Amino acid sequence: MMDYLHRMAVFQSVATAGSFRGAAKELGISPSVVSHHIAQLEAQLDLPLIYRSTRRLSLTDAGVELLQSTQRMTQAAEAGLAAMQRRKNNVSGGLRITAPAISQHPAFGGALIDFAKEFPSIKLDISYTDDFEKLSGSAFDLALRGTAVDMEDSIYKSRRVAAFDIWVVASPSYVRDRDLPRTLEEIEEWDRVKHPPGINLSHIADTFEEIAEPNASIVVNGMYAAIHCACAGLGFLVVPGLAVKEEVERGQLIRICADAVFKPINIYAVWPQNVPKNSLVHLAVDFIEAYYKRSKHLTGT
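Residues numbered from 1 in each chain as written. Predicted model: local features only at pLDDT ≥ 70, side-chain atom pairs only at ≥ 80, totals over all residues. Heavy atoms only, no water.

Draft legend 1. Main features of the overall build of the protein. Helix and strand content of the protein: 10 helices and 12 strands. Taken over C-alpha atoms, the radius of gyration comes to 21 Å for the protein, in line with the 19 Å a tight globule of 301 residues would show. The principal-axis extents of the C-alpha atoms in the protein amount to approximately 60 × 50 × 35 Å. Sorting the 301 residues of the protein into buried and exposed places 41% on the buried side. A fraction of 75% describes how many contacts in the protein between residues 6 or more apart in sequence connect residues 24 or more apart. Total accessible area on the protein is roughly 16,100 Å²; 52% of this is exposed by carbon and sulfur atoms. Across the protein, the centroid of the 31 positively charged side chains sits 8 Å from that of the 35 negatively charged ones. (Helix = DSSP H or I, 4+ residues; strand = E, 2+ residues; numbered from the N terminus. Rg over C-alpha atoms; globule rule 2.2 N^0.38 Å. Buried < 20%, exposed > 50% of the residue type's maximum accessible area, 1.4 Å probe, protein only. Contact = heavy atoms within 4.5 Å. Areas by Shrake-Rupley, 256 points an atom, 1.4 Å probe, with all protein chains shown as cover. Lys, Arg positive; Asp, Glu negative; His and termini not counted. Charge placed at Lys NZ, Arg CZ, Asp CG, Glu CD.)

Draft legend 2. Quick peek at helix 5 (residues 106-118). In this model helix 5 runs 17 Å from its N-terminal to its C-terminal C-alpha over 13 residues, within 8% of the 18 Å that 1.5 Å per residue would give. The sharpest bend along helix 5 comes to roughly 25°, located at Leu112. Buried within helix 5 are the following residues: Phe108, Gly109, Gly110, Ala111, Leu112 and Phe115. (Expected span 1.5 Å × (residues − 1). Bend = angle between axes of the 7 residues up to and from the residue.)

Draft legend 3. The arrangement of the side chain of Ser171 in detail. One can find Ser171 in the loop between strand 7 (166-170) and helix 6 (172-175). Its relative accessible area of 1% is what places Ser171 among the buried residues. Here Ser173 takes part through its side chain, which lies 3.0 Å from a polar atom of the side chain of Ser171. Non-local contacts of Ser171, meaning those with residues more than four positions away in its chain, are made with Ala230, Cys231, Gly233, Gln252 and Leu253. (Polar contact = N/O pair within 3.5 Å; in protein donor to acceptor, adjacent residues only side chain to side chain.)

Draft legend 4. Fine view of the sheet that holds strand 3 (residues 93-99). Pairing is mixed in the open sheet, where five strands are placed in the order 4-3-5-12-6. Of all the strands in the sheet, just strand 4 (122-128) and strand 6 (156-164) have a single pairing partner and so form its edges. Recorded for the sheet is a direction-independent mean angle of 20° between the axes of neighbouring strands. Here eight bridges tie strand 6 to strand 12 (residues 265-272), and the two strands are oriented antiparallel to one another. The residue of strand 12 that forms the bridge with Arg159 is Ala269. Each of strand 3, strand 4, strand 5 (142-147) and strand 6 is contacted by helix 5, which is oriented at about 160° to strand 4, the strand it contacts most. (Pairing = 2+ DSSP bridges. Axes fitted to C-alpha atoms, helices over the stretch in contact; angles between N-to-C directions.)

So this is what it looks like as structure tokens:
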């Protein structure tokens, strides 16, 4: 049984990291050892769990079902350990967090709200901004970052805590006199509401082909402003789907480019290297990750 549990934990790390190398880095073992554990688990179950390709890993149906079980197992263990830690320490203190402005949206910001409710003795100070706040030399203890690529190695620790699918949307008025596009190549002549300012379509599209960047009718550094611009008919917007789900349901925006495939927007928690394991930072990171796993906003769930 212990071998099963250990290999299930390795399997969950592979599924959440999206690669054997990423899981190996997280677990502190070599990629070959990770591969061996997955092969042994598949042999024990007599079922394939992971499809392997040169570009990415994906889960089989059996792998998806097993991942749900391992996550319940992990959540139960985390909840038990957290309860013991809270019993040991009366958790209190202050925690300063910088997070993207879109984190104010109910679909994204629930983790921090629930954390505040769970630990009322912790004084939270949250700065919601789309400006890149550096941790070095600042008063912030923890940063949440959104990116469509892997986090670069740096002087900070980081952990992916969530991943969100991307949609392409435009207002009915903007689409009305145009043919509805299915691919990104078909909107090269359209106007784009650009957010974030420095991100081109080639950065986030899941393709090796270079994509011509459409004209930016307006560039904004705030997600809410970008959504309002798209609703006003200024052009199409590339955005995490949850951010505009209500606008699409109300008919204010329409999903387009149904055949386009994007890399997910990964949310990373970032904190200084020297933060102790029993700190409020680690407590918050563990809580945020568990929250998004329960909400099924982590890739592979």
